[in-house]
Amino acid sequence: MGNLWLGLFTLLQPAVLCGSPLPSPGLSDRGDLEFAEVYLEKFYNYKPVTGRRERAAEPDSFRVKLRQMQHFFGLEESGDVDPQTVAAMRRARCGLSDVEPFRKTMRWTNRTLTYRISRLSSKLTAAQVRTAFRQAWKLWAQAVPLKFRRQRRCDADIVISFNNKDHEDGSPFDGEGGILAHAFFPGPGIGGDVHFDDEEAWTTDSKGCNLLAVAVHEFGHALGLQHSSDPGAIMFPAYNFGLHTVLQLSFQDVKDIQEIYGKRKISLDRLPPKTPDKCDPRLSFDAVTGMQQELVFFRDRFMWRVHPSFEQIGITLITSLWPDLPAHIDAAYENANRNSMLVFKGSQYWEVSSLQVKRGYPRNISEFGFPSTVKSIDAALYFRETHLTDFFTGGECWRFDEDAGRIVEGFPKPIAHEWPGVESPVDAAVAHDGNIYFFVGPQQLEFNPKIRQVTKTAAANTWLQCREIKSS
Ligand SMILES: [Ca+2]
Ligand SMILES: [Ca+2]
Ligand SMILES: [Ca+2]
Ligand SMILES: [Zn+2]
Ligand SMILES: [Zn+2]
């Protein structure tokens, strides 16, 4: 089983959408180790030690840097080049370091900044590029009192270009995949300039590399921002754009940029989304499901994956694993017998197998036999032994026979009758280790199916281990 789970990680980075199929991780340990060294040198200021004396003085500098990277990406801080770490490193990303040692924040003193596009993309039209950049600047301008003006000729503060390989700034691009773009912090000359790797499959949708998504991030650097370890932030270094992604600054991005330039008088159209805190005692979940040996907890755009052998539980974006799934899902369950996971939102559902959303989805939940009055479901619960799935809607419970493909006779029934002691509506439900766990707001109810009783109540976030484990 252990191998099965590890296999998951090697499968789960199908060069998602943005970036060419990089050599699949796990092919050779030696290759991975070298890759990790180069990665840490580039993004974590790792300096390989060569001499024997230096090595003795600092025997673990590689592992220290590796742990730093794992911490940044919300991974288990193992200090080992394990498959999930390699998978995270193989993801397409920004070319700037994650540990820029800043003397002080560099900032522009002008309130109106000019930009010029000096070299266009070979994949998109001039109009597409201009539109993307205009939208990207607008996102920042909504948060801070800055104005951005495109200049056709003369010198501009921010010169933007698409470049190939070596473009004479000491940071050559690497062809399709890997590094997507980089930018320079505010300053004269090359300061504030932004370079995109012209060999990426730039697009205006989610099929290749979304230019707008990368531009917003790079423009953040051009304004003086560094990388954020908040996976919900635009300034997170890895590319995370999915089919349903709505590009907007996160709470963290807004806070960081306003610390440099102050607040804009007129407030934002809508409040920037805050990344949920696993230690918030009010934390509730959208959905919870098993996934092989793991439990996966969904909330907004995010998920936490709980694995029995992991000490740390990091938060990641749903799109970092499944770019085609939406955020704010209603329910999810794992059909262990079919080796797939079903995800529900509104009247739609998706089936995920081998970590890919299957073709032909989303489909309509009416296929389960729900009447048209059922517009969405609250939670789903799968029983491995009987191949039955319970769906929860308001105060009712529907039992679906997976083998027969229809709702069991006599259902729906009141939840209070089928699951005595369980309050409704239910947010999420999952079966684990012989018990059923129901999530209702910030509470978790442990239900013992043998005696048909709620045997324990606890905080919903009990699974997420709030105490921070310090790595030595
Ligand atoms: Ca590249
Ligand atoms: Ca400049
Ligand atoms: Ca729910
Ligand atoms: Zn960056
Ligand atoms: Zn460059």
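Reading the values: the criteria
Residues numbered from 1 in each chain as written. Chains lettered and ligands numbered in written order. Predicted model: local features only at pLDDT ≥ 70, side-chain atom pairs only at ≥ 80, totals over all residues. Heavy atoms only, no water. Pairing = 2+ DSSP bridges. Helix = DSSP H or I, 4+ residues; strand = E, 2+ residues; numbered from the N terminus. Axes fitted to C-alpha atoms, helices over the stretch in contact; angles between N-to-C directions. Salt bridge = Lys/Arg side-chain N within 4 Å of Asp/Glu carboxyl O. Buried < 20%, exposed > 50% of the residue type's maximum accessible area, 1.4 Å probe, protein only. Donors = N, O, S within 2.8 Å, 3.2 Å for Na, K, Ca; no water. Tetrahedral: all angles 85-135°; square planar, octahedral: opposite > 155°, others 65-115°. Arc of directions from axis to C-beta. Contact = heavy atoms within 4.5 Å. Phe/Tyr/Trp six-rings, centres within 6.5 Å; stacked < 30°, edge-to-face > 60°. Core = buried A, V, L, I, M, F, W, Y, C linked by side-chain atoms within 4.5 Å.

With respect to the sheet that holds strand 25 (residues 443–448)
Argument step 1. An order of 23-24-25-26 is seen for the four strands of this open sheet, with the pairing classed as antiparallel. Looking along the sheet, the strands with just one partner apiece sit at the ends: strand 23 (428–432) and strand 26 (453–459). With direction set aside, neighbouring strand axes in the sheet form an average angle of 25°.
Argument step 2. Inspection of the sheet shows strand 25 paired to strand 26 by six bridges, in the antiparallel sense. Note that in strand 26 the partner of Asn448 across the bridge is Gln453.

Concerning the pattern of salt bridges
Argument step 1. Inspection of the entire model under this criterion finds 17 salt bridges.
Argument step 2. Glu334 serves as the salt-bridge partner of Arg384, at 4.0 Å between the closest nitrogen and oxygen. Of this pair, Arg384 sits in the loop between strand 18 (379–383) and strand 19 (388–393) while Glu334 is found in strand 13 (residues 331–335), placing the two residues 50 residues apart along the sequence.
Argument step 3. On the accessibility criterion, Arg384 (48% relative accessible area) is partly exposed.
Argument step 4. The structure contains a network of salt bridges with shared partners spanning Asp390, Arg399, Lys413 and Glu418.

Focus on the coordination of the zinc ion (ligand 4)
Six octahedral donors around a metal ideally subtend angles of 90 or 180 degrees, whereas four tetrahedral donors ideally subtend 109.5 degrees.
Argument step 1. Donor atoms from the polypeptide that coordinate the zinc ion (ligand 4) comprise Cys94 (SG), His217 (NE2), His221 (NE2) and His227 (NE2), at 2.0 to 2.2 Å from the metal.
Argument step 2. Seen from the zinc ion (ligand 4), its four donor atoms lie at angles of 101 to 116°, and the figure they make is tetrahedral.
Argument step 3. Between consecutive donor residues of the zinc ion (ligand 4), the sequence gaps follow C-x122-H-x3-H-x5-H. With Cys94 in strand 1 (residues 93–94) and His221 in helix 7 (residues 211–222), this residue pair connects regions lying 127 residues apart in the sequence.

With respect to the sheet that holds strand 10 (residues 294–299)
Argument step 1. The strand order across the open sheet built from four strands is 9-10-11-12, with neighbouring strands paired in antiparallel fashion. At either margin of the open sheet sits one strand with a lone partner, and together these are strand 9 (287–291) and strand 12 (315–317). Averaged over all neighbouring strand pairs, the angle between strand axes comes to 30°, with direction disregarded.

Examining the pairing of strand 14 (residues 340–345)
Argument step 1. Counting buried positions over the six residues of strand 14 gives five, a clear majority of the element.
Argument step 2. Alignment of strand 13 against strand 14, held across five bridges, turns out to be antiparallel. Directly across from Glu334, in strand 14, lies its bridge partner Met341.
Argument step 3. From the end of strand 13 to the start of strand 14, which pair antiparallel, there are four residues, and Asn339 there has a positive phi angle of about 55°.
Argument step 4. For strand 14 and strand 15 (residues 348–353), the ladder comprises six bridges, and the chain directions are antiparallel. Across the sheet, residue Lys345 finds its bridge partner in strand 15, namely Gln348.
Argument step 5. Taking the residues that link successive antiparallel strands as the turn, the strand 14-strand 15 hairpin has two residues, and the phi of Gly346 there is positive, at about 60°.

Thoughts on the coordination of the zinc ion (ligand 5)
Argument step 1. Protein-derived coordination of the zinc ion (ligand 5) comes from His167 (NE2), Asp169 (OD), His182 (NE2) and His195 (ND1), at a distance range of 1.8 to 2.0 Å.
Argument step 2. Here the zinc ion (ligand 5) is ringed by four donor atoms whose angles at the metal span 96 to 117°, and the overall shape comes out tetrahedral.
Argument step 3. Read N to C, the donor residues that coordinate the zinc ion (ligand 5) are spaced as H-x1-D-x12-H-x12-H.

Looking at helix 8 (residues 251–261)
Argument step 1. Along helix 8, the residues that are buried comprise Asp253, Val254, Ile257, Gln258, Ile260 and Tyr261. Axial view of helix 8: buried residues confined to an arc of 155°, hence all on one face.
Argument step 2. Taken together, the buried residues of helix 8 touch helix 6 (126–141).

Digging into the packing of aromatic side chains
Argument step 1. Applying the stated criterion across every chain, the model contains 41 aromatic pairs.
Argument step 2. Ring geometry for Phe73 and Phe236: centres 5.3 Å apart, planes at 65°, overall edge-to-face. Taken together, the residues Phe73 in the loop between helix 4 (61–72) and helix 5 (83–89) and Phe236 in the loop between helix 7 and helix 8 connect sequence positions 163 residues apart. The pair formed by Phe73 and Phe236 is uniform in burial state, with each residue classed as buried.
Argument step 3. Taking 6.3 Å as the distance between ring centres and 10° as the angle between the ring planes, the aromatic pair formed by Phe133 and Phe162 counts as stacked. One end of the pair, Phe133, is in helix 6; the other, Phe162, is in strand 4 (residues 158–163), with 29 residues separating them in the sequence. The exposure classification of Phe133 matches that of Phe162, with both residues buried.

Some words on the nonpolar core
Generally speaking, a soluble globular protein has its nonpolar side chains buried in company with each other.
Argument step 1. Residues Phe298, Trp322, Phe344, Phe391, Phe392, Trp419 and Phe438 are the most contacted members of the largest nonpolar core, which totals 51 residues.
Argument step 2. By residue number, the principal contributor to this core is strand 18, which donates five residues.
Argument step 3. If we ignore the near neighbours within four places in the chain, the residues touching Phe391 are Tyr333, Phe344, Phe368, Phe370, Ile377, Ala379, Ala380, Glu396, Cys397, Trp398 and Phe400.
Argument step 4. With 49 residues, the next largest nonpolar core counts Val194, Val214, Leu225 and Val254 among its residues.

Considerations on unusual backbone geometry
Argument step 1. With omega at 10°, the peptide bond leading from Phe411 into Pro412 counts as cis.
Argument step 2. Residues Ser424 and Pro425 are joined by a peptide bond in cis, for which omega reads 0°.
Argument step 3. As for its placement among the helices and strands, Pro425 is situated in the loop between helix 9 (415–418) and strand 23.
Argument step 4. The phi dihedral of Asp433 falls on the positive side, at around 55°, and the residue is not glycine.
Argument step 5. Counting through the fold element by element, Asp433 comes out in the loop between strand 23 and strand 24 (435–440).
Argument step 6. Of the residues examined, Asp433 reaches a relative accessible area of 72% and is grouped as exposed.
Argument step 7. Look at Arg452: it is not a glycine, yet its phi comes out positive at around 50°.

Considerations on the pairing of strand 9
Argument step 1. Buried residues dominate strand 9, accounting for five of its five residues.
Argument step 2. By the alternation rule, side chains of strand 9 split into Ala287, Thr289 and Met291 and Val288 and Gly290, which are all buried.
Argument step 3. As paired strands, strand 9 and strand 10 are joined by five bridges and run antiparallel to one another. Residue pairing across strands places Gly290 opposite Leu295, the latter belonging to strand 10.
Argument step 4. Once strand 9 ends, the chain turns through two residues before running back antiparallel as strand 10, passing Gln292 with a positive phi of about 50°.

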